[in-house]
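Residue-level structural notes
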Amino acid sequence: MKSWLLVSVLAVVLAVCGSRSPYQTVLQHSRIRGRQQGPNVCAMQQIKGTNRKYFTNCKQWYHRKICGKPTVITYECCPGYEKLPGEKGCPAALPLVNIYSTLGAVGASTTQMYSDRARLREEVEGPGSFTFFAPSNEAWAALPAEILDALVSNVNIELLNALHYHMVNRRLTSEELKHGSSFPSMYQDSHVHIHHYSNGIVTVNCARLIKPDQHATNGIVHVIDRVITAVSSDMQSIVDVDDDLETLRAAFAAAGLSTLLESPGQYTVFAPTNDAFAKIPRETLNRILGDPVALKDLLNYHILKQLQCAESIVSGTSVETLQGAALEVGCDGDQMTLNGNAIVTKKDQLGTNGVIHYISQLLIPDSAKTLLELAEDSSVSTATRLFVDAGLSSHLTGSEALTMLAPLNDAFKGSMAMTPDLRALMKNHLLKQQLSSKALYHGQQLQTLGGLTLRVFVYRNNLCIENACIAAHDRTGRFATMFTLDKVLAPPTGTLMDVLKADERFSQLVGAIQTAGMTELLNQQGALTFFAPTDEAFRAQPPAELSRLLRNADQLAAVLRLHLGEGLLVSGGVSSHTRLAPLQGDKLELGVRNFTVYVNKVPVADGDLMATNGVVHAINAFIRPLAPKLDREQADGPAASTPVDSRRFRNDDLFERVLMSRSSRTMNRRQ
């Protein structure tokens, strides 16, 4: 019974919460934060140094910032309540009076004064049910002097019409101000346009409601932060008559998007001015204007699928464009920002089907860029310069379907002077087709412009091409794609045996492999991971024990096979407690600590020497099997209390464990 009752109560609570408007939800949070100050007290966040106040939501409460600026918490009576002398909080409901008197009580005394001058007082004091979107005193003060003079010089017509446009001939609470709705005003039935955002902000013609729901006997007052004007033109008409948007107007016509700006909807257009277009290099601009696909992508990247008034933004928000990519729409103080840049020069030019914000910088999406443009001014600038120095510019600026494998700047070490070998290497960082990393699969082979074949390795924690792993999201341009890699590619130069023979650090290992009869194994096709002991590892062994090992081919083969793992594992594929099955022995435990890969507690000194049939990781000590009860976490690196010292390592102990493991496996198979 109690469980049923609890479920019922929860259902009612969820239903009530779910039915609240975003504004009511934020108001309730402000009530909760203010209740320690007394009944009906709301906590407000005020931006320091301004008069701008906001009802607070949970995120803003803890961050103490709005539009990147610090805020202070103030407390005031929630809508509809007032203080009483000597009592805590705001215990008394405001006396319900007519709209005219309410204007004076809620900080809209200037609107009240102009109502007198325009002979509107009798109407808003008399019978009826009105909604008055009343500009605050500060809103009237912020109005340009020439506009205000024009209104008050003709109070019987212009001022009266302006005030009537702020009124609707019915009572509308904040709950009824739905997002995207509009209502006929009392000025020639011209509509006012409502937007009710998820963060609780409500706007009318992009003016923010700063004191909503001030009830009166003959209606309701919502105090707003600016004087609004009638909206009669669609966005295309706004663009048509503004000489600052001449280039944009021509671009919309060329892309066939003029009809979009005329059609019904709720769009946001970030409109680049003529100066914004002029900042783009002429060659780039002509290329885009001459390419219908790129031009359409460029323009759609400036259009949001929703109407976003400047006053609705209190922090950075990712918003999808018609092009498909997202823009970071935010604010910095009283400035509106795009992708973190304060490039909005004129805000909230409202049309019947959307809003226009003028911007001083053209936004070029990746889908309209060449490979060279994708790579410029990014974390792969070194690779970009090397591609150009290698004479590959035509591939980066043309219309070939390619994929650029661009290593991060930090991946390049030492001198980067162009040589024939470096030129060939850079050519092998260009793939012959345009790819998406999401479509890559394990074992896939990729052809480069240099004629090499590269392999794809898919691991639980990484996606790699040969030794290099993808370090960032794809950037897809007009014809080509860029993959950002964490390393410079090291294409395979031969078999595992070829790699070892070509590196003087492995001279003793090569001899040991030949003695153990394993040369063919390391030359044949397959996929092996070889943790290859260097000459330093051999020198670390006691001479007598090393000599005995090198004379016993079977024991030598057993030791070396413990260093060979089944499957090809590059260092980028190693995560915590990665396990690899050796050709001999129980297991190889791998991990990463301080950017160093460890295998059975032995650090890898030099990794990812790629071969056609595997990969070599150089180690300066022999691997020994882990003790059965050894904590697996110790495989990530040397134990704190007993650091590994290869000079104290006993080979006969290793042989015994390896051979015992082999014997055990043989007996199990026989049984």
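This text goes with the structure placed above it.
Residues numbered from 1 in each chain as written. Predicted model: local features only at pLDDT ≥ 70, side-chain atom pairs only at ≥ 80, totals over all residues. Heavy atoms only, no water.

The full count for this structure, using the stated rule, is four aromatic pairs. Ring geometry for Y114 and W140: centres 4.7 Å apart, planes at 65°, overall edge-to-face. A residue pair is termed long-range when its members are at least 10 positions apart, and Y114 in helix α5 (residues 109–117) and W140 in helix α7 (residues 137–141) qualify at 26 residues. Like Y114, the residue W140 is buried in the burial classification. Taken together, a centroid distance of 5.1 Å and an interplanar angle of 75° make the contact between F538 and F622 edge-to-face. Taken as a pair, F538 in helix α23 (residues 535–539) and F622 in the loop between β35 (614–619) and α26 (651–670) lie far apart in primary sequence, 84 residues in all. (Phe/Tyr/Trp six-rings, centres within 6.5 Å; stacked < 30°, edge-to-face > 60°. Helix = DSSP H or I, 4+ residues; strand = E, 2+ residues; numbered from the N terminus. Buried < 20%, exposed > 50% of the residue type's maximum accessible area, 1.4 Å probe, protein only.)

What follows concerns the packing of helix α17 (residues 381–389) against helix α19 (residues 420–427). Two elements in contact, α17 and α19, have axes whose closest approach is 9 Å; the angle formed by their N-to-C orientations is 110°. Accordingly, the angle class assigned to the pair α17 and α19 is roughly perpendicular. As α17 packs across α19, the resulting crossing turns out to be left-handed. Side by side, α17 and α19 meet where A383, L386, F387 and D389 of the first sit next to L422, R423 and M426 of the second. (Axes fitted to C-alpha atoms, helices over the stretch in contact; angles between N-to-C directions. Parallel < 35°, antiparallel > 145°, perpendicular 65-115°, else oblique. Left-handed = near helix turned anticlockwise from the far one by under 90°. Contact = heavy atoms within 4.5 Å.)

What follows covers the side chain of H193. Relative to the helices and strands, H193 resides in strand β10 (residues 191–196). Excluding residues that lie within four positions of it along the chain, H193 makes contacts with S181, S182, T203, V204, N205, V231, L350 and T352.

Counted according to the given criterion, the structure contains five disulfides. A sulfur-sulfur distance of 2.0 Å marks the disulfide that ties C77 to C90. Between C77 and C90 the disulfide shows an S-S torsion of about -85°. By sign, it is left-handed. Of this pair, C77 sits in strand β4 (residues 69–77) while C90 is found in the loop between β5 (81–82) and β6 (92–93), placing the two residues 13 residues apart along the sequence. Of the residues examined, C77 reaches a relative accessible area of 22% and is grouped as partly exposed. Between C206 and C309 runs a disulfide, and the two sulfur atoms are separated by 2.1 Å. The S-S bond linking C206 to C309 shows a torsion near -70°; that makes this disulfide left-handed. Here C206 is found in the loop between β11 (202–204) and β12 (207–216), whereas its partner C309 is found in the loop between β15 (303–304) and β16 (317–320), with 103 residues between them in sequence. Residue C206 shares its accessibility class with C309, and that shared class is buried. Sequence-ordered numbering of the bonded cysteines in the protein gives a disulfide pattern of 1-4, 2-8, 3-5, 6-7, 9-10. (Disulfide = S-S within 2.5 Å.)

What follows concerns the sheet that holds strand β3 (residues 65–66). Spatially, β2-β1-β4-β3 is the arrangement adopted by the four strands of the open sheet, whose pairing is antiparallel. The open sheet terminates on both sides in strands that have one partner only, identified here as β2 (53–55) and β3. Where β3 lies against β4, two bridges are found, and the strand directions are antiparallel. Across the sheet, the residue bridging to I66 is K69, located in β4. Across the sheet, helix α2 (residues 22–34) is in contact with β1 (41–47), β2 and β4; its angle to β1 comes to roughly 100°. (Pairing = 2+ DSSP bridges.)

Right, let's get into the pattern of salt bridges. Enumeration over the complete set of coordinates arrives at 21 salt bridges. Two residues, R121 and E125, come together in a salt bridge whose shortest N-O distance is 3.0 Å. Of this pair, R121 and E125 both sit in helix α6 (residues 121–125), four residues apart, which is roughly one turn of that helix. D503 is paired through a salt bridge with R505; the nearest N and O atoms lie 2.7 Å apart. (Salt bridge = Lys/Arg side-chain N within 4 Å of Asp/Glu carboxyl O.)

This part covers the nonpolar core. L500, L509, I513, F530 and V616 are the most contacted members of the largest nonpolar core, which has 30 residues in total. Counting only elements with at least two residues in this core, the list comes to α20 (496–501), α21 (507–515), β29 (528–533), α23, α24 (543–551), α25 (553–562), β34 (602–611) and β35. Those residues in contact with I513 that lie beyond four places of it in its chain are M497, L500, M518, T519, L522, F530 and L560. In this structure, V26, F133, V202 and V355 belong to the second largest nonpolar core, which totals 28 residues. (Core = buried A, V, L, I, M, F, W, Y, C linked by side-chain atoms within 4.5 Å.)

On to the sheet that holds β15. Read from one edge of the open sheet, four strands run β15-β14-β20-β19, paired in mixed fashion. Only two strands of the sheet have a single neighbouring strand rather than two, namely β15 and β19 (344–351). Looking at chain direction, strand β14 (residues 267–272) and β15 are connected through two bridges and run antiparallel. Counterpart to V269 in the pairing with β15 is I303.

Moving on, we get to unusual backbone geometry. Phi is positive for Q188, close to 55°, though the residue is something other than glycine. Take Q188: it is sitting in the loop between β9 (182–184) and β10. Positive phi, normally seen in glycine, also occurs at D348, with a value near 60°. Within the element layout of this structure, D348 appears in strand β19.

A word on the pairing of β14. Judged by how many residues are buried, β14 sits mostly within the fold: six of six residues are covered. Neither face of β14 is open: one carries Y267, V269 and A271, the other T268, F270 and P272, and all of them are buried. By the bridge criterion, six bridges tie β14 to strand β20 (residues 354–359) in an arrangement that is parallel. Pairing of V269 across the sheet is with I356, part of β20.

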